[in-house]
Amino acid sequence: GAYCKKETLSSREKKICYYVDPIKRDVAQPFSLGMDSLKVCKRITKTNPELCTVKFPVQTQNLEKKDLGKLRVKQLKQILAERGVECKGCLEKEEFIKKVQDTEHLAGQEL
């Protein structure tokens with residue numbers, strides 16, 4: 001549709017459009033009937049397994065330390081991995097939070 005024709009789409013959005021465009025009806029119809037997104041993914045995975053594997057990064061802009069503290073360590077590790085940063089020697093959650101804050105300048109960079 002019109003959304004996918006925009007020039008300002010990120011690489012992840014373009015990837016979603018690439019996968020969704022041929023199967024729009026198969027995706028839209030279950031959603032219009034109120035089907036859960038996980039069920040739609042299971043159904044679509046039979047014909048297009050790549051679609052439900054596209055993940056968007058966790059938005060960390062303007063997050064304060066108290067907000068980062070609500071995230072799980074697994075999510076903090078994921079944020080660091082998306083930024084291409086390793087936290088060697090990090091054991092405590094506080095160390096991961098500090099590393100996420102220290103690498104804030106790398107947030108939102110498309111690869």
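Everything below is about the structure printed above this text.
Structure report, in brief. (Residues numbered from 1 in each chain as written. Predicted model: local features only at pLDDT ≥ 70, side-chain atom pairs only at ≥ 80, totals over all residues. Heavy atoms only, no water.)

Structural notes on the packing of helix H2 (residues 24-32) against helix H3 (residues 37-45)
Next up, step 1: For the pair H2 and H3, the least separation of the axes is 10 Å and the interaxial angle reads 150 degrees. Considering the angle they form, H2 stands roughly antiparallel to H3. Handedness of the H2/H3 crossing: right-handed. Each of Val27, Gln29, Pro30 and Phe31 in H2 lies in contact with H3, whose residues at this interface are Ser37, Val40, Arg43 and Ile44. (Axes fitted to C-alpha atoms, helices over the stretch in contact; angles between N-to-C directions. Helix = DSSP H or I, 4+ residues; strand = E, 2+ residues; numbered from the N terminus. Parallel < 35°, antiparallel > 145°, perpendicular 65-115°, else oblique. Left-handed = near helix turned anticlockwise from the far one by under 90°. Contact = heavy atoms within 4.5 Å.)

Points about helix H5 (residues 73-82)
Next up, step 1: Within H5, the full set of buried residues consists of Leu76, Ile79 and Leu80. Angular distribution of buried residues about the axis of H5 spans 95 degrees; they occupy a single face of the element. Turned more than 90 degrees away from the buried face of H5 sit Lys74 and Ala81, all of them exposed. (Buried < 20%, exposed > 50% of the residue type's maximum accessible area, 1.4 Å probe, protein only. Arc of directions from axis to C-beta.)

Some details on the state of the cysteines
Next up, step 1: With the rule as written, the count across this model stands at two disulfides.
Next up, step 2: Across a sulfur-sulfur distance of 2.0 Å, Cys4 and Cys17 are joined as a disulfide pair. Between Cys4 and Cys17 the disulfide shows an S-S torsion of about -80 degrees. By sign, it is left-handed. One end of the pair, Cys4, is in the segment before helix H1 (11-20); the other, Cys17, is in helix H1, and 13 residues separate them in sequence.
Next up, step 3: One disulfide bridge connects Cys87 with Cys90, the sulfur atoms lying 1.6 Å from each other. On the sign convention where negative means left-handed, the S-S torsion of about -50 degrees between Cys87 and Cys90 marks this disulfide as left-handed. Accessibility assignment for this pair places Cys87 and Cys90 in one class, buried. (Disulfide = S-S within 2.5 Å.)

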